Amino acid sequence: MINSDDVERFEIPSVGAEDDELTAELFRSAFRPPGRTAGVTYRWRELTAEQARSAWTALAVWVRWLVATYQLPTSVVPDCWWRHSEIVAELYALQRAELASYGSDDPGFGPLAFHERLPHAVERLRTHTRTAGCVGLQAHKDPTPRTLPTDTPEFTEWQAASHQFEHEF
């Protein structure tokens, strides 16, 4: 049986001082408060006009960089990307992840994590773009907004109920 004294005496074998310092830095970074070098992440639906201008400007510059750097075709990011909320949401999330991956408190694994996630984001973007239908038309296609009704009598009744199963004992 392992007691607390055994745990306190446990040591990880080391190959040298450089290994010890790297391990120490990795563990230190796990306990540091997160750095704020990436700025504030917003909910798009809650932006003020000033925040929206700033966020859109930064996102547009970043999307141009992303498309050029990774040579993304229009089947991934269409020219009218900014007119599709689902594509904007994906690109903004990717932008925030990329910015956070280069934080001052990151020991160097952030960029690798970003690049490991990038192919998944590209596939989601491809799906969103295909659904939007703009690439096949070679022109922007306005999305059809869908609004879910929440003022029907059925929903009002459902909302007021407890939704707990009653069991007979």
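Cut-offs applied
Residues numbered from 1 in each chain as written. Predicted model: local features only at pLDDT ≥ 70, side-chain atom pairs only at ≥ 80, totals over all residues. Heavy atoms only, no water. Helix = DSSP H or I, 4+ residues; strand = E, 2+ residues; numbered from the N terminus. Buried < 20%, exposed > 50% of the residue type's maximum accessible area, 1.4 Å probe, protein only. Contact = heavy atoms within 4.5 Å. Areas by Shrake-Rupley, 256 points an atom, 1.4 Å probe, with all protein chains shown as cover. pLDDT = per-residue confidence, 0-100. Core = buried A, V, L, I, M, F, W, Y, C linked by side-chain atoms within 4.5 Å. Phe/Tyr/Trp six-rings, centres within 6.5 Å; stacked < 30°, edge-to-face > 60°. Salt bridge = Lys/Arg side-chain N within 4 Å of Asp/Glu carboxyl O. Axes fitted to C-alpha atoms, helices over the stretch in contact; angles between N-to-C directions. Parallel < 35°, antiparallel > 145°, perpendicular 65-115°, else oblique. Nonpolar A, V, L, I, M, F, W, Y, C, P; charged D, E, K, R; others polar.

## Points about the overall build of the chain
Regarding its fold elements, the chain presents seven helices and zero strands. What you see in the chain, going N to C, is helices and strands ordered as α-α-α-α-α-α-α. Within the chain, the fraction of its 169 residues that count as buried is 21%. Within the chain, contacts between residues separated by at least 24 positions form 70% of all contacts whose residues are at least 6 apart in sequence. A total of about 13300 Å² of accessible surface is found on the chain, and carbon and sulfur atoms cover 57% of it.

## A short note on the confidence of the model for the chain
For the chain, the average pLDDT comes to 79, and 72% of its residues sit at 70 or higher. Mean pLDDT values for the elements of the chain range from 47 in helix H1 (residues 4-9) up to 94 in helix H3 (residues 49-69). Below pLDDT 50 for its whole length, residues 6-12 participates in two contacts with residues either more than four positions away or in separate chains.

## Concerning the nonpolar core
Residues Leu59, Val63, Leu66, Val77, Trp81, Leu91 and Leu94 are the most contacted members of the largest nonpolar core, which totals 18 residues. Secondary-structure elements contributing two or more residues to this core are H3, helix H4 (85-100) and helix H5 (110-132).

## Some points on the packing of aromatic side chains
Inspection of every chain in the model, using the stated rule, returns five aromatic pairs. Note on Trp44 and Trp56: the rings are 4.8 Å apart at their centroids and 65° apart in plane angle, and the pair reads as edge-to-face. Of this pair, Trp44 sits in the loop between helix H2 (17-31) and H3 while Trp56 sits in helix H3; the two residues are 12 residues apart in sequence, bridging distant segments of the chain. Since its relative accessible area comes to 24%, Trp44 is described here as partly exposed. With a centroid separation of 4.9 Å and an interplanar angle of 80°, the aromatic rings of Trp44 and Tyr92 are classed as edge-to-face. Of this pair, Trp44 sits in the loop between H2 and H3 while Tyr92 sits in helix H4, and the two are 48 residues apart along the sequence. Relative accessible area serves as the criterion here: at 7%, Tyr92 is assigned to the buried category. In this structure an aromatic cluster arises from ring pairing among Trp44, Trp56, Trp81 and Tyr92.

## Description of the pattern of salt bridges
This structure, assessed with the given rule, holds three salt bridges. Among the ionic pairs, Arg43 bridges to Glu46, the shortest N-O distance being 3.3 Å. Close ionic contact of Glu90 with Arg124 constitutes a salt bridge, the shortest N to O distance being 2.8 Å. Placement of the pair is Glu90 in helix H4 and Arg124 in helix H5, with a sequence separation of 34 residues. Overall, Glu90 belongs to the buried group, its relative accessible area being 11%.

## Some points on unusual backbone geometry
The backbone of Gln71 shows a phi angle near 50°, a positive value even though the residue is not glycine. Relative accessible area serves as the criterion here: at 68%, Gln71 is assigned to the exposed category.

## A word on the packing of H3 against H4
Two elements in contact, H3 and H4, have axes separated by 10 Å at closest approach and are oriented at 85°. In terms of orientation, H3 and H4 fall into the roughly perpendicular class. On the side of H3, the interface is formed by Trp56, Ala58, Leu59, Trp62, Val63, Trp65 and Leu66, while H4 contributes Val88, Leu91, Tyr92, Leu94, Gln95 and Glu98. Across the contact of H3 with H4, the residue classes break down as 11 nonpolar, one polar and one charged.

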